[in-house]
Amino acid sequence: MEKIIDENKQGDSLVLDQKKDNQRKLYIESYGCQMNFSDSEIVASILAKEGFNTTQQMEEADLVLVNTCSIREKAEQTVRKRLEHFNAVKRINPKMKVGVLGCMAERLKSKFLEEEKIVDMVVGPDAYKDLPNLVAEIDEGRDAVNVILSKEETYGDVAPVRLNSNGVSAFVSITRGCDNMCTFCVVPFTRGRERSRDPQSIIEEIGDLWNRGFKEVTLLGQNVDSYLWYGGGLKKDFEKASEMQKATAVNFAGLLDMAATAFPKMRFRFSTSNPQDMTLDVIEAMAKHKNICKYIHLPVQSGSNRILKAMNRLHTREEYFELIDNIRRILPECAISQDMIAGFPTETEEDHQDTLSLMEYVKYDFGFMFAYSERPGTLAARKLEDDVPEDIKKRRLTEIINMQQKHSLYRTQQHLGKVEEVLIEGPSKKSDAHWMGRNTQNTVVVFPKEHYKVGEFVNVKINDCTSATLLGEAVGYSENNA
Ligand code: SAH
Ligand code: F3S
């Protein structure tokens, strides 16, 4: 934050002086996916230029923003509850204005203003550059809405303000939107069509992070493997590009290679991979570069071919196994995680058993598991009845979670006795005497602090584990420690 204001000072001191008199406080809260957290950093940057400083105290804020998630009904209920709380705070802080950002803003649009009296401003995920105008509107006492989805907007030219940062790991967005139209998913409606960001601006952002001491970058997109830069424009319009544009296009494997080569001591992660879009060249780029972490988040949602088809996941169970086999062959150390949905419409006991047997085959390291939640406007909501009773959904979800728990423990046990490189992120939540970091597989490792510091790469001997955490002791710096 200071940095950006300092830059303003150099560039245009008059503007800054005006804004200094007019310093205002911004409180911002984020829900949902990593992309939302990353977007909030873009929003903080855009508003910093308008004289807003971020604060952790809602009670003193002039502007309170909530970056919302629509992925499941429960996520929306959480936000509604927060708005009730904002209402209570407004009684002691009457100057406070409230804006809703993100997927709920896009889904509900101006309906939000009618439904929630506390809300002054509704801003969709592609409209954040309009925030200065929208804030001016609400300053004048008018409600403000902008939920226009864009074909171009990637925020490639905005340098994010790192919020709640540990100074070690950061997110960098590389694509926005999604074209996959999974029938259960609201994202294509709230985040629009898929477009990729200019690799040059991605490399510059990573360079800036490196210069500021960051050691790990997670490249973000709803579907990173689908990344394709051909000079701008939507992914779906690639076919219409010129021969020249096609010949010089950069795909995800190319981007990974560029980033890992340019910053050999920076660790890279990426999320999320969609099985139908993940190609062998991405796995090979991971094998080629030591600094690309050996971890793939590879949601499958179901193990049943019939359900995969109804979900419009454009691959079969067999094709998924083929991909898993390729990953295991090329990257034997690679961790794999899943997202799973229990109780999609028409799911039978047999379909559910297919999910469990798929899990048994893969033995995932981690998982994010959900009961199906019908989302208004999606194809599934329009065409399929939400017909799996709640108690059955819950029971199937529990069986999936229990199986994942068993596999997670099996996977963490495979690390026992090994020495693994860990990047220290900060103090362990449970003990002040211990550091917490992650190995390449993204498993959390906890060990005594000794003389080591945050941001250092340390070799840790793994002595013990739970299903979620490895416990060990440092045996020295790793060779990656600059
Ligand atoms: N590609 C995205 C996926 C976003 S949604 C990404 O970057 O992660 C994250 C997960 O939420 C999905 O993989 C799916 O398992 C779950 N999900 C999405 N819509 C859902 C719904 N309607 N009900 C239950 N779970 C859902
Ligand atoms: Fe959603 Fe499927 Fe895209 S889960 S974000 S539509 S890959």
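If you're wondering where the values come from, they're calculated on a predicted model, not measured in any experiment.

Undergrad: Help me understand the site of ligand 1, please; the structure alone is not making it clear to me.
TA: Around ligand 1 there are 14 residues in total, and Gln222, Thr272, Gln301, Asp339 and Ser373 lie nearest to it. Contact between ligand 1 and Thr272: an oxygen atom at 2.9 Å from a side-chain N or O atom of the residue. The side chain of Gln301 places a nitrogen or oxygen atom 2.6 Å from an oxygen atom of ligand 1. In the complex, the protein chains occlude 87% of the 540 Å² of accessible area that ligand 1 would expose alone. Taken together, the elements giving at least two residues each to the shell around ligand 1 come down to β15 (335-342) and β16 (366-371).

Undergrad: What should I look at first to understand the pairing of strand β3 (residues 63-68) in this one?
TA: On a regular strand, one side chain projects to one face of the sheet and the next to the other, so that they alternate. Within β3, six of the six residues are buried, leaving the element largely enclosed by the surrounding structure. Residues Leu63, Leu65 and Asn67 of β3 are buried on one face, and the alternating residues Val64, Val66 and Thr68, pointing to the opposite face, are buried as well. Strand direction decides the pairing type here: β3 and strand β4 (residues 97-102), joined by six bridges, are parallel. Considered in β4, the bridge of Val66 is made with Val100. Taken together, β3, helix α4 (residues 73-92) and β4 constitute a β-α-β crossover, and its handedness is right-handed.

Undergrad: Looking at this structure, I do not really get the site of ligand 2. What am I missing?
TA: Residues in contact with ligand 2, as listed here, are Cys178, Asn180, Met181, Cys182, Phe184, Cys185, Val187, Pro188, Gln222, Asn274 and Arg313. For the shell around ligand 2, the class distribution of residues is seven nonpolar, three polar and one charged.

Undergrad: Explain the packing of aromatic side chains here, please?
TA: Where two aromatic rings form a pair, the distance of their centres and the angle of their planes describe that pair. Inspection of the entire model under this criterion finds eight aromatic pairs. With centroids separated by 6.5 Å and ring planes inclined at 80°, the aromatic side chains of Phe184 and Phe344 adopt a geometry described as edge-to-face. Here Phe184 is found in the loop between β8 (175-176) and α8 (187-191), whereas its partner Phe344 is found in the loop between β15 and α15 (349-362), with 160 residues between them in sequence. The class for Phe344 is buried, based on a relative accessible area of 0%. Measuring from centroid to centroid gives 5.6 Å for Tyr295 and Phe366, while their planes differ by 85°, and the two rings are edge-to-face. With Tyr295 in strand β14 (residues 295-297) and Phe366 in strand β16, the pair connects residues that are 71 residues apart, well separated along the chain. Judged by relative accessible area, which is 10%, Tyr295 ranks as buried. An aromatic cluster is defined as three or more aromatic residues linked by ring pairs; in this entry it consists of Phe184, Phe344 and Tyr372. Above the face of the Phe112 ring, Arg80 is positioned so that its terminal group lies 5.4 Å from the ring centre. Directly above the aromatic system of Trp435 lies the positively charged group of Lys449, at a separation of 4.6 Å from the ring centroid.

Undergrad: Just to check I follow, could you spell out the packing of helix α9 (residues 199-211) against helix α11 (residues 252-262) for this structure?
TA: Packed helices, taken two at a time, are described by the angle their axes make and the gap between the axes. In the contact formed by α9 and α11, the axes pass within 11 Å of each other and the chain directions differ by 30°. Pair α9 / α11 crosses with right-handed handedness. Packed against α9, whose contacting residues are Pro199, Ile202, Ile203 and Ile206, the element α11 presents Leu255, Met258 and Ala259 at the interface. Grouping the constituent residues of the contact of α9 with α11 by class yields seven nonpolar, no polar and no charged.

Undergrad: Honestly, the side chain of Gln441 in this entry has me stumped. Any pointers?
TA: Assignment of secondary structure puts Gln441 in the loop between β18 (434-438) and β19 (444-448). If sequence neighbours within four positions are ignored, Gln441 has contacts with Arg269, Lys294, Tyr295, Glu333, Ala335, Phe366 and His415.

Undergrad: Whenever I open this one, the pairing of β16 confuses me. Can you help?
TA: Summarising the sheet, β15 and β16 pair through six bridges and their orientation is parallel. Paired with Gln338 across the bridge in β16 is Gly367.

Undergrad: Honestly, the pattern of salt bridges in this entry has me stumped. Any pointers?
TA: Within the structure shown, the criterion is met by 36 salt bridges. Note that Arg82 and Glu29 form a salt bridge whose closest N and O atoms lie 2.8 Å from each other. Here Glu29 lies in strand β1 (residues 24-30) and Arg82 lies in helix α4, a separation of 53 residues in the sequence. Exposure remark for Glu29: the relative accessible area of 10% places this residue in the buried category. Across the pair Arg197 and Glu205 runs a salt bridge whose closest N-O atoms are separated by 2.7 Å. An identical accessibility class is assigned to Arg197 and Glu205; each is buried. What you see here is one network of salt bridges that share partners, running through Asp39, Asp126, Arg176, Arg191 and Arg195.

Undergrad: Would you mind showing me how to read the packing of helix α3 (residues 34-48) against helix α7 (residues 131-139) here?
TA: The interhelical angle for the contact between α3 and α7, taken along N-to-C directions, is 65°, at an axis separation of 9 Å. In terms of orientation, α3 lies roughly perpendicular with respect to α7. With respect to the hand of their crossing, α3 and α7 are arranged in right-handed fashion. Contacts between α3 and α7 pair Val43, Ile46 and Leu47 from the former with Leu131, Pro132 and Val135 from the latter. Of the residues that constitute the contact of α3 with α7, the class distribution is six nonpolar, no polar and no charged.

Undergrad: Which parts of the structure should I look at to understand the domain arrangement of the protein chain?
TA: The extent of an interface is frequently quoted as the accessible surface area lost upon association of the parts. Per the domain assignment, the segments making up the protein chain are domain 1 (2-146), domain 2 (169-412) and domain 3 (419-481). Distance between the C-alpha centres of domain 1 and domain 2: 29 Å. Contacts between the two partners involve 17 residues from domain 1 and, on the opposite side, 22 residues from domain 2. Roughly 1,700 Å² of surface becomes buried between domain 1 and domain 2 when both sides are summed, with 52% attributable to carbon and sulfur atoms. Applying the counting rule to domain 1 against domain 2 returns five salt bridges.

So, how was this worked out
- Residues numbered from 1 in each chain as written.
- Chains lettered and ligands numbered in written order.
- Predicted model: local features only at pLDDT ≥ 70, side-chain atom pairs only at ≥ 80, totals over all residues.
- Heavy atoms only, no water.
- Near = heavy atom within 4 Å.
- Polar contact = N/O pair within 3.5 Å; in protein donor to acceptor, adjacent residues only side chain to side chain.
- Areas by Shrake-Rupley, 256 points an atom, 1.4 Å probe, with all protein chains shown as cover.
- Helix = DSSP H or I, 4+ residues; strand = E, 2+ residues; numbered from the N terminus.
- Buried < 20%, exposed > 50% of the residue type's maximum accessible area, 1.4 Å probe, protein only.
- Pairing = 2+ DSSP bridges.
- Right-handed = clockwise from strand over helix to strand, strands pointing away.
- Nonpolar A, V, L, I, M, F, W, Y, C, P; charged D, E, K, R; others polar.
- Phe/Tyr/Trp six-rings, centres within 6.5 Å; stacked < 30°, edge-to-face > 60°.
- Lys NZ or Arg CZ within 6 Å of the ring centre and 35° of its normal.
- Axes fitted to C-alpha atoms, helices over the stretch in contact; angles between N-to-C directions.
- Left-handed = near helix turned anticlockwise from the far one by under 90°.
- Contact = heavy atoms within 4.5 Å.
- Salt bridge = Lys/Arg side-chain N within 4 Å of Asp/Glu carboxyl O.
- Parallel < 35°, antiparallel > 145°, perpendicular 65-115°, else oblique.
- Domains from an automatic or database assignment.
- Buried area = accessible area lost by both parts, 1.4 Å probe.

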